[in-house]
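Next come the chains, spelled out residue by residue.
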Amino acid sequence: MSHGDSGAAGSRATPPAAECQAVQTAGKRKRSGTGRRPRTDSRRSRGRSAQPKPQPQPQPQPAAASLLMDIGGGRSGGGAAGAAASAEMKPPPVVRSKKGRGAFCNLPLLLLIGAIQFLVIYSPAIDRYMVMITKGKPGFPSLLLDGRRGFKLVEEEFVPEPRVACDFADPRSDVCELEGAIRIRGSTSEVFVIAPGGGGAANVTGLGAGMNATSWTIQPYTRKGEARVMRSITELTVRVVPAGEAPACTVQHDVPAVVYSNGGYCGNYYHDFNDNIIPLFITSRHLGGEVQLLVAQKQAWWFHKYREIVDGLTNYEAVDLGGDAAGEVRCFRRATLGLRSHKDLSIDPRRAPRNLSMVDFKRFLMWRYALPREHAIRTDDEEEVAGRTKPRLLIINRRSRRRFVNLPEIVALAEEVGFNVTTSDVMSPPPKTASGAAGAGTAAGDEGHARMADASALVNSFDAMLAVHGSGLTNLLFLPMNAVVVQVVPLGRMEGLAMDEYGVPPRDMNMRYLQYNITVEESTLSESYPRTHPVLLDPMPIHKQSWSLVKDIYLGQQDVRLNARRFRPVLEKAIRLLR
């Protein structure tokens with residue numbers, strides 16, 4: 001075939017490229033309405049020259065399109081038809097499928113990916129925020145997987161800025177309030193305060209002169225001024241250290257701790273309340289039971305005897321600090337070392353949390369022991385009528401020294417004045433059975449607890465109390481408000497001591513108080529010493545010499561024989577105070 005014949009054949013046959021273009025053009029016309037002439041906007045063309053429509057930039061032709069053009073047009077000298085077909089041919093537009101874009105343009109999926117990345121990157125910051133708003137408890141973000149630390153609790157990572165506020169200037173007790181990351185190891189009596197950035201970074205205030213702000217000792221007992229008893233009290237060592245030098249936690253507590261000693265005068269009825277119970281009430285009552293007691297030198301029988309009181313102050317079993325295993329480390333966010341003590345057997349509301357007072361303490365005891373009487377009887381000013389209830393007087397009859405020698409005479413005098421009188425030592429143990437056991441069927445550990453329940457109920461039923469100075473007067477705590485307390489002060493210049501220990505507390509509890517100071521003739525010491533002896537004439541040199549000598553002579557060798565004629569006005573005033 002000649003070149004002319006091949007050119008003619010090329011002009012008659014439809015090349016493959018032209019067919020593809022025709023098909024695409026037909027499809028476009030079908031979608032846009034084939035055969036319809038686009039409507040011209042006469043308003044746009046009216047009054048101005050027509051603007052030429054911008055042409056799209058030529059796209060590079062794919063290799064496949066070039067090959068088709070070579071075949072259809074015939075580069076080896078194709079005819080005019082091939083050249084025309086080649087000129088009309090345009091590259092097909094590249095159209096991206098919506099399905100192809102969906103993998104990376106799905107909005108919910110992108111939001112999910114972004115949220116995961118945010119939590120992973122910023123989880124340490126979220127941890128700190130959650131600790132602040134949950135008061136130290138880890139939140140959900142604390143358990144997120146972090147590539148740098150894996151699954152770790154925030155308690156092990158976040159170290160808050162510590163704050164230590166101590167009071168070593170108080171004459172009754174030393175106290176330190178700790179906040180931050182606190183770790184207590186009972187087996188070594190050590191308390192660790194973790195300071196971020198290294199030891200010494202803590203904010204420590206209130207230490208005594210010359211004390212080291214990174215390490216000091218404290219004895220958590222409320223008889224600070226008595227060197228003899230303080231020698232037996234456990235000493236705690238407080239250390240401010242970086243996290244790397246503190247022992248690891250074995251027990252994590254979610255409530256604050258109160259650390260104190262149960263030693264000293266533990267077992268003496270007065271000191272049980274004065275040195276332990278009332279200071280514990282001041283220090284922990286405002287926490288509403290959410291406090292963990294850590295007790296050095298813990299006496300199990302003591303906690304059993306006063307369990308109503310202890311259970312009213314904490315919702316958790318008290319921990320024997322000295323009984324912890326060697327590796328036990330208890331971790332807290334807050335801790336108080338030592339108990340606050342204001343004055344003898346009383347509370348100063350101005351210094352107590354939430355202005356707690358002795359009236360609050362009395363009502364606390366009424367609640368814990370279910371005592372029915374809040375107020376004492378009120379008598380009339382008129383003459384008594386037959387059958388009217390008389391006010392009840394409880395006379396504490398001590399079993400040891402400082403007893404009433406003429407007790408029957410005192411009882412008769414009180415009844416003559418108008419009282420219904422009962423004598424008791426209140427805290428005496430139950431009578432022994434034939435087998436010799438106290439209270440058959442009662443375990444030894446339950447004896448003190450049963451005596452407390454009986455004593456509180458007994459005392460609460462009276463309107464007035466009479467006793468010689470001694471621990472028996474501690475029972476005034478269970479008297480109803482408006483009751484009258486009469487304290488007989490023995491010989492020995494003990495008026496000030498008697499007023500501080502048993503004169504101030506009744507007034508702080510809305511009760512009335514009367515004090516009777518005996519004469520030399522009313523003391524049995526007058527039978528043991530000549531009238532000119534310094535023991536009778538001037539006890540002050542003995543006070544200056546030593547308290548032990550005072551205790552031995554005036555508290556340990558003396559009984560009381562009241563002068564009925566001299567004592568009668570005191571009882572008459574007591575019954576008037578109940579009106």
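An unreviewed UniProt entry lists the protein under the name Protein O-linked-mannose beta-1,4-N-acetylglucosaminyltransferase 2, from Dichanthelium oligosanthes.

Looking now at the sheet that holds strand β15 (residues 484-489). Backbone hydrogen bonds are what pair the strands of a sheet, in a parallel or an antiparallel way. A sheet is described by the order of its strands in space; here five strands give the open sequence β13-β12-β14-β15-β16, paired in parallel fashion. The sheet is open, and its two edges are formed by β13 (420-424) and β16 (512-517), each paired on a single side. Each strand axis lies, on average, 20 degrees off the axis of its neighbour in the sheet, ignoring direction. Here strand β12 (residues 392-396) runs beside strand β14 (residues 464-468); their pairing, made up of three bridges, is parallel.

Attention now goes to the pattern of salt bridges. Taken as a whole and judged by the stated rule, the model has 23 salt bridges. Glu 190 serves as the salt-bridge partner of Arg 239, at 2.7 Å between the closest nitrogen and oxygen. With Arg 239 in strand β6 (residues 236-241) and Glu 190 in strand β3 (residues 190-194), this residue pair connects regions lying 49 residues apart in the sequence. Close ionic contact of Glu 521 with Arg 531 constitutes a salt bridge, the shortest N to O distance being 3.2 Å. Placement of the pair is Glu 521 in the loop between β16 and α17 (534-537) and Arg 531 in the loop between β16 and α17, with a sequence separation of ten residues. Three or more residues joined by partner-sharing salt bridges are found here, namely Arg 185, Glu 190 and Arg 239.

Attention now moves to the pairing of β6. Burial analysis of β6 places five of its six residues in the buried class, which makes it a mostly covered element. Here β3 runs beside β6; their pairing, made up of five bridges, is parallel. Note on β6: the bridge partner recorded for Val 191 is Val 238.

The next subject is the state of the cysteines. Applying the stated rule across the entire model yields two disulfides. Each disulfide pairs two cysteine sulfurs, and for Cys 166 the partner residue is Cys 176, the sulfurs being separated by 2.0 Å. As the torsion about the S-S bond is roughly 110 degrees, the Cys 166-Cys 176 disulfide counts as right-handed. One end of the pair, Cys 166, is in strand β1 (residues 163-167); the other, Cys 176, is in strand β2 (residues 175-185), and ten residues separate them in sequence. As far as burial versus exposure is concerned, Cys 166 and Cys 176 are alike and both buried. Here Cys 249 is linked by a disulfide to Cys 331, with a sulfur-sulfur distance of 1.8 Å. With the S-S bond torsion at -100 degrees, the cross-link from Cys 249 to Cys 331 turns out left-handed. Taken together, the positions of Cys 249 in the loop between β6 and β7 (251-252) and Cys 331 in strand β11 (residues 330-337) put the pair 82 residues apart, joining distant regions of the chain.

A word on the packing of aromatic side chains. What the rule picks out here adds up to twelve aromatic pairs. Taking NZ or CZ as reference, Lys 298 lies 5.1 Å from the ring centre of Phe 303, over its face. Residue placement shows Arg 368 over the ring face of Trp 367; its charged tip is 4.6 Å from the ring centre.

A few words on the nonpolar core. In terms of nonpolar packing, the biggest core is built from 96 residues, with Phe 273, Phe 361, Phe 404, Val 488 and Phe 567 touching the most fellow members. For this core, the leading source of residues is helix α10 (residues 269-284), giving eight residues. Setting aside anything within four residues of it in sequence, one finds Phe 404 in contact with Ile 395, Ile 396, Ile 410, Leu 466, Ala 467, Val 468, Val 488, Val 560 and Leu 562. Counting 25 residues, the second largest nonpolar core, distinct from the first, contains Val 164, Val 319, Phe 332 and Leu 337.

Quick notes on the rules
Residues numbered from 1 in each chain as written. Predicted model: local features only at pLDDT ≥ 70, side-chain atom pairs only at ≥ 80, totals over all residues. Heavy atoms only, no water. Pairing = 2+ DSSP bridges. Helix = DSSP H or I, 4+ residues; strand = E, 2+ residues; numbered from the N terminus. Axes fitted to C-alpha atoms, helices over the stretch in contact; angles between N-to-C directions. Salt bridge = Lys/Arg side-chain N within 4 Å of Asp/Glu carboxyl O. Buried < 20%, exposed > 50% of the residue type's maximum accessible area, 1.4 Å probe, protein only. Disulfide = S-S within 2.5 Å. Phe/Tyr/Trp six-rings, centres within 6.5 Å; stacked < 30°, edge-to-face > 60°. Lys NZ or Arg CZ within 6 Å of the ring centre and 35° of its normal. Core = buried A, V, L, I, M, F, W, Y, C linked by side-chain atoms within 4.5 Å. Contact = heavy atoms within 4.5 Å.

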